[in-house]
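# Observations on the three-dimensional arrangement
Listed below are the residues making up each chain.
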Amino acid sequence: MDDSSTLHVQKHVEFIKSLDNKKDLESLLTEHIRMNGAYWGLTALDLMGSLNDLDQDKIISWILQCQHDCGGFGGNIGHDPHILYTLSAVQILALYDKLAVLDSSKIASYITGLQQNDGSFYGDEWGEIDTRFSYGAICCLALLRRLDAINLEKAITYIVSCKNFDGGFGSTPGGESHAGQIFCCVAALAIAGSLHYVDKDLLGWWLCERQVKSGGLNGRPEKLPDVCYSWWVLSSLAILDRVHWIDRESLKTFILDCQDIENGGISDRPDDAVDVFHTYFGVAGLSLLEYPGLKHIDPAYALPVNVVKRVFS
Amino acid sequence: MQVGVEDDDGDRWIPFSERSEWSDVQPVPQDDGPYPVVSIAYTSQFRETMDYFRAVLARDERSDRSLELTEEAIHMNAGNYTVWHFRRLVLESLGKDLWKELYFIQDVAKSNHKNYQLWHHRRWVAEKLGVAVAPEELRFTELVLASDAKNYHAWSHRQWVLKALGGWEAELSFCSMLLQEDIYNNSAWNQRFFVIKNSPLLEGLDSMRESEVEYCINAIKLAPLNESSWTYLRGLFGNDTKSLGDSQSIGQVCFEELARDRCCIPALSFLLDLVCYGFQPTVDDCKILDSSIEILSSLQLALYLCERLEVVDAIRACYWAWRRSLLPAIIK
């Protein structure tokens with residue numbers, strides 16, 4: 001257990017479990033995005049076969065306390081509702097096969113209310129617009145089987161309007177292509193059955209140009225590699241069925257080199273501090289690379305394949 | 001993110017519980033649901049500030065002291081979106097001068113220029129102030145870009161300012177200036193495309209293509225391995241691949257770079273695209289690639305380029321092998 005040539009599953013499971021009761025400065029500064037953290041941590045646990053190591057009833061009861069009368073969820077109890085935390089809440093309940101505890105019409109009406117005339121989505125009542133929110137709306141409603149609640153055609157048109165000359169997508173029309181935004185747009189189009197709007201070969205090439213000599217992936221040209229792009233870039237390539245265009249072995253090595261083999265957890269780059277987000281991104285990336293022993297992850301819904309199958313069975 | 005013991009002026013931070021103006025407020029701790037609170041290892045001033053924030057939020061107190069409280073809370077943790085929301089409600093209810101709010105944002109931005117909430121707040125203020133604030137907003141983004149030239153939020157804000165409030169006059173020269181500083185700046189290349197496509201003061205992509213191709217070729221000569229300039233060059237032609245294949249000058253650029261460096265991956269790659277789009281180099285040009293091999297047809301040339309790329313760009317070898325497999329169907 002002293003080398004980084006394998007994934008130290010048990011260490012990572014313990015690392016994520018240790019976050020549950022943590023009350024240090026870092027967890028305080030991120031209390032407003034706790035719902036995201038919970039989704040990332042729990043999905044990573046499920047991929048590693050350890051979802052039931054945490055108390056399901058406690059977590060679900062906490063999630064439900066984060067819901068507001070409008071139907072949306074906040075990042076924690078007492079925090080304002082936002083589409084990103086609403087998606088995370090629904091994803092966690094899907095992990096637990098507990099979508100039935102939700103009033104899906106109420107959530108659907110919250111999301112309906114965030115859609116604008118041009119098809120875009122506000123993140124919350126304050127009116128920030130970003131293709132991340134288009135993904136949030138479409139993924140969340142698909143999991144609730146309520147895509148009928150929005151104007152899907154207009155939502156697709158807006159996403160397509162964010163497509164750039166390099167085949168990628170930005171946060172708004174004209175915004176620079178960025179691997180995180182590309183994931184949101186490509187995954188949303190995949191869920192909406194509209195992948196024909198993507199220039200698959202042009203974008204596939206741009207995505208595989210993200211791999212640098214170390215084997216890691218960056219999110220934009222000339223930027224440093226980061227384990228988070230092992231998810232954002234690789235999931236996009238997986239949706240486009242082009243994962244084999246990059247060097248999978250050297251990417252696998254890069255991710256494994258970012259493990260803290262003493263205390264568990266995965267960081268952005270080798271020897272940096274670990275966190276729950278990069279632990280998810282690393283494990284999910286390895287799942288897409290079919291690392292032995294990990295559950296397979298669905299690249300569009302960002303949930304284990306068996307969970308997605310169960311939702312739509 | 002700053003959670004220091006002292007504020008910016010170096011004065012001792014006075015706990016809210018010791019401030020007379022807050023003596024009527026009962027602080028409200030964060031309810032994390034059924035999770036046990038183990039230890040209080042974090043800075044007590046931050047926790048106390050948030051406890052008082054929750055108290056004013058619970059009673060929806062839109063007052064000057066609430067505004068000051070949100071200011072302190074944001075300086076300690078600019079990521080908490082609920083604090084920003086409440087600040088906007090207070091600013092609106094008290095009818096505050098929003099020009100002054102710009103200074104506050106600029107101050108917070110010093111240590112939080114990658115914070116979504118900050119930029120959204122800035123936009124909310126700018127929207128309220130209208131066209132008159134456009135020059136100030138462009139200046140603000142330039143300030144941030146001076147230290148972080150690829151800051152995604154700053155670029156998004158700048159694009160929004162241009163579209164919503166105007167200020168296009170100097171934008172193309174701004175892009176040129178940034179590219180002169182760093183020719184690899186992909187954000188500046190993207191902005192250049194945005195300006196060419198959207199500026200009401202320019203003639204649009206089609207009529208500017210020729211001059212942009214020239215600009216781009218010069219950039220490529222300066223930095224032949226720059227992914228951004230090659231991608232921009234391709235982008236200028238969009239789906240008009242025929243014009244791209246017909247362009248002798250672009251073909252010549254590829255050969256010139258390959259004469260300097262036979263392993264120049266972007267030049268090999270671009271030349272492959274050109275050949276697929278109908279470009280037909282001379283036999284002499286092809287000698288530049290490899291004087292020992294006689295290349296007689298476009299298909300032969302394309303196959304040669306793919307094979308070279310599989311070797312010199314080994315991490316993407318599977319991509320090049322796939323490109324090679326398509327060639328017989330594309331090139332007749």
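The structure contained in this document is the topic of the report that follows.

Reading guide: rules and limits
- Residues numbered from 1 in each chain as written.
- Chains lettered and ligands numbered in written order.
- Predicted model: local features only at pLDDT ≥ 70, side-chain atom pairs only at ≥ 80, totals over all residues.
- Heavy atoms only, no water.
- Helix = DSSP H or I, 4+ residues; strand = E, 2+ residues; numbered from the N terminus.
- Rg over C-alpha atoms; globule rule 2.2 N^0.38 Å.
- Buried < 20%, exposed > 50% of the residue type's maximum accessible area, 1.4 Å probe, protein only.
- Contact = heavy atoms within 4.5 Å.
- Areas by Shrake-Rupley, 256 points an atom, 1.4 Å probe, with all protein chains shown as cover.
- Lys, Arg positive; Asp, Glu negative; His and termini not counted.
- Charge placed at Lys NZ, Arg CZ, Asp CG, Glu CD.
- Buried area = accessible area lost by both parts, 1.4 Å probe.
- Salt bridge = Lys/Arg side-chain N within 4 Å of Asp/Glu carboxyl O.
- Core = buried A, V, L, I, M, F, W, Y, C linked by side-chain atoms within 4.5 Å.
- Domains from an automatic or database assignment.
- Expected span 1.5 Å × (residues − 1).
- Polar contact = N/O pair within 3.5 Å; in protein donor to acceptor, adjacent residues only side chain to side chain.
- 1 Å grid on protein atoms, 1.4 Å probe; cavity = no way out; pocket = protein on both sides within 12 Å on 5 of 7 lines; lining within 4 Å.
- Points joined across faces, edges and corners; volume = space filled by probe spheres on them.
- Phe/Tyr/Trp six-rings, centres within 6.5 Å; stacked < 30°, edge-to-face > 60°.
- Arc of directions from axis to C-beta.
- Nonpolar A, V, L, I, M, F, W, Y, C, P; charged D, E, K, R; others polar.
- Disulfide = S-S within 2.5 Å.

### Observations concerning the overall build of chain B
Each helix and strand counted, chain B has 17 helices and zero strands in total. The C-alpha atoms of chain B give a radius of gyration of 28 Å, which is well past the 20 Å a tight globule of 332 residues would have. The C-alpha extent of chain B, read off along each of the three principal axes, is 90 × 50 × 35 Å. Looking at chain B as a whole, 53% of its 332 residues qualify as buried. Put simply, of all contacts in chain B between residues at least 6 apart along the chain, 64% involve residues at least 24 apart.

### Notes on the overall build of chain A
For chain A, the helix and strand inventory stands at 14 helices and two strands. Taking 20 Å as the expected radius of gyration for a compact globule of 313 residues, we find that chain A reaches 18 Å, a close match to that expectation. Expressed as lengths along the three principal axes of its C-alpha atoms, the size of chain A is roughly 55 × 45 × 40 Å. Burial statistics for chain A: of 313 residues in total, 65% are counted as buried. Taking the contacts inside chain A whose residues are at least 6 apart along the sequence as the reference set, 66% of them involve residues at least 24 apart. When the accessible surface of chain A is split by element, carbon and sulfur atoms take 48% of a total near 10800 Å². Charge separation in chain A, taken as the distance between the mean sites of 25 positive and 41 negative side-chain charges, equals 4 Å.

### Concerning the interface of chain B and chain A
With 57 residues of chain B at the interface, the matching set in chain A holds 58 residues. Buried surface at the junction of chain B and chain A, summed over both partners, amounts to about 5200 Å²; 56% is from carbon and sulfur atoms. Where chain B touches chain A, the interface holds two salt bridges. Among the salt bridges present, the one from arginine 54 of chain B reaches glutamate 31 of chain A, with a minimum N-O distance of 3.3 Å.

### Digging into the nonpolar core
Counting residues in hydrophobic clusters, the biggest one holds 212 residues, and the most contacted among them are Leu42, Ile111, Tyr135, Trp231 and Tyr280 of chain A together with Leu233 of chain B. Per-domain counts for this core show at least three residues from each of domain 1 (1-96) and domain 2 (237-332) of chain B. When sequence neighbours within four positions are dropped, the list of residues in contact with isoleucine 111 of chain A reads Ile83, Phe121, Ala137, Cys140, Leu141 and Ile150 of chain A.

### A closer look at the pattern of salt bridges
In total, this model carries 38 salt bridges over all chains according to the counting rule given. Here lysine 17 of chain A and aspartate 53 of chain A are joined by a salt bridge, their closest N and O atoms 3.4 Å apart. Of this pair, lysine 17 of chain A sits in helix α1 (residues 9-19) while aspartate 53 of chain A sits in the loop between α3 (34-47) and α4 (56-65), placing them 36 residues apart in sequence. In this structure, the salt-bridge partner of lysine 163 of chain A is aspartate 199 of chain A, at a minimum N-O distance of 3.6 Å. Placement of lysine 163 of chain A in the loop between α8 (152-161) and α9 (179-191) and of aspartate 199 of chain A in the loop between α9 and α10 (200-208) is noted, with a sequence separation of 36 residues between them. One network of salt bridges, with partners in common, ties together Asp24, Arg59, Glu61 and Arg65 of chain B.

### So, helix α4 (residues 98-112) of chain B
Helix length check: α4 of chain B (15 residues) gives 20 Å between terminal C-alpha atoms against 21 Å at 1.5 Å per residue, within 8%. The opening residue of α4 of chain B, the one whose side-chain oxygen lies 3.0 Å from the backbone nitrogen of tryptophan 99 of chain B, is aspartate 97 of chain B.

### Regarding empty space enclosed by the protein
Counted according to the given criterion, the structure contains three cavities of 30 Å³ or more. Estimated volume of the largest cavity: approximately 80 Å³. Phe165, Asp166 and Trp206 of chain A together with Asn186 and Thr231 of chain B are, among the 13 residues lining the largest cavity, the residues nearest its centre. Among the secondary structure elements, those contributing two or more residues to the lining of the largest cavity are α9 (186-198) and α11 (227-235) of chain B. Per-element accounting of the lining of the largest cavity gives the leading share, four residues, to α11 of chain B.

### Observations concerning unusual backbone geometry
Phi angles above zero are rare outside glycine, and alanine 302 of chain A is one such case at about 55°. Looking at where alanine 302 of chain A falls in the secondary structure, it is placed in the loop between β1 (297-298) and β2 (303-304). On the accessibility criterion, alanine 302 of chain A (4% relative accessible area) is buried. If you check the backbone angles, aspartate 60 of chain B has positive phi at about 50° while not being a glycine. Along the chain, the position of aspartate 60 of chain B falls in the loop between α1 (44-58) and α2 (64-76).

### Focus on the packing of aromatic side chains
Applying the stated criterion to the full structure yields 34 aromatic pairs over all chains. Judged by centre distance (6.0 Å) and plane angle (85°), the ring pair of phenylalanine 165 of chain A and tyrosine 232 of chain B falls under edge-to-face. Of the two residues, phenylalanine 165 of chain A is situated in the loop between α8 and α9 and tyrosine 232 of chain B in helix α11; the pairing between them involves two chains. A residue is classified by how much of its surface remains accessible, and phenylalanine 165 of chain A, at 17% relative accessible area, is buried. Taking 5.4 Å as the distance between ring centres and 50° as the angle between the ring planes, the aromatic pair formed by tyrosine 301 of chain A and phenylalanine 312 of chain A counts as tilted.

### A word on α1 of chain A
All names here are of chain A. Here α1 has its buried residues at His12, Val13, Phe15 and Ile16. The buried residues of α1 occupy an angular sector of 160° when the element is viewed end-on, so they sit on one face. The elements touched by buried residues of α1 are α3 and α13 (276-288).

### Overview of the layout of surface pockets
It is the rolling of a water-molecule-sized probe over the atoms that shows where space remains empty. Roughly 890 Å³ of volume is contained in the second largest pocket. Looking at the second largest pocket, it is lined by 37 residues, and the ones nearest its centre are Phe165, Asp199 and Leu202 of chain A together with Gly238 and Asn239 of chain B. When contributions to the lining of the second largest pocket are tallied by element, the ones reaching two or more residues are α10 of chain A together with α9, α11, α12 (241-246), α14 (265-276) and α17 (317-330) of chain B. A class-by-class count of the residues in the lining of the second largest pocket yields 16 nonpolar, 11 polar and 10 charged.

### Some thoughts on the environment of arginine 210 of chain A
Along the chain, arginine 210 of chain A turns up in the loop between α10 and α11 (229-239). Spatially, the C-alpha atom of arginine 210 of chain A lies 26 Å from that of alanine 192 of chain A, the residues being 18 residues apart in sequence. Leaving out residues up to four positions away in the same chain, arginine 210 of chain A has contacts with Gly216, Leu217, Asn218, Gly219, Arg220, Pro221 and Val233 of chain A together with Glu227 of chain B.

### With respect to the state of the cysteines
The tally for this structure, following the rule as stated, stands at zero disulfides over all chains. Of all cysteine sulfurs, the one in cysteine 276 of chain B lies closest to cysteine 306 of chain B, which takes part in no disulfide; the gap is 7.0 Å.

### Structural notes on the side chain of threonine 49 of chain B
Position of threonine 49 of chain B among the secondary structure elements: in helix α1. Leaving out residues up to four positions away in the same chain, threonine 49 of chain B has contacts with Trp13, Phe16, Leu69, Glu72, Ala73 and Met76 of chain B.

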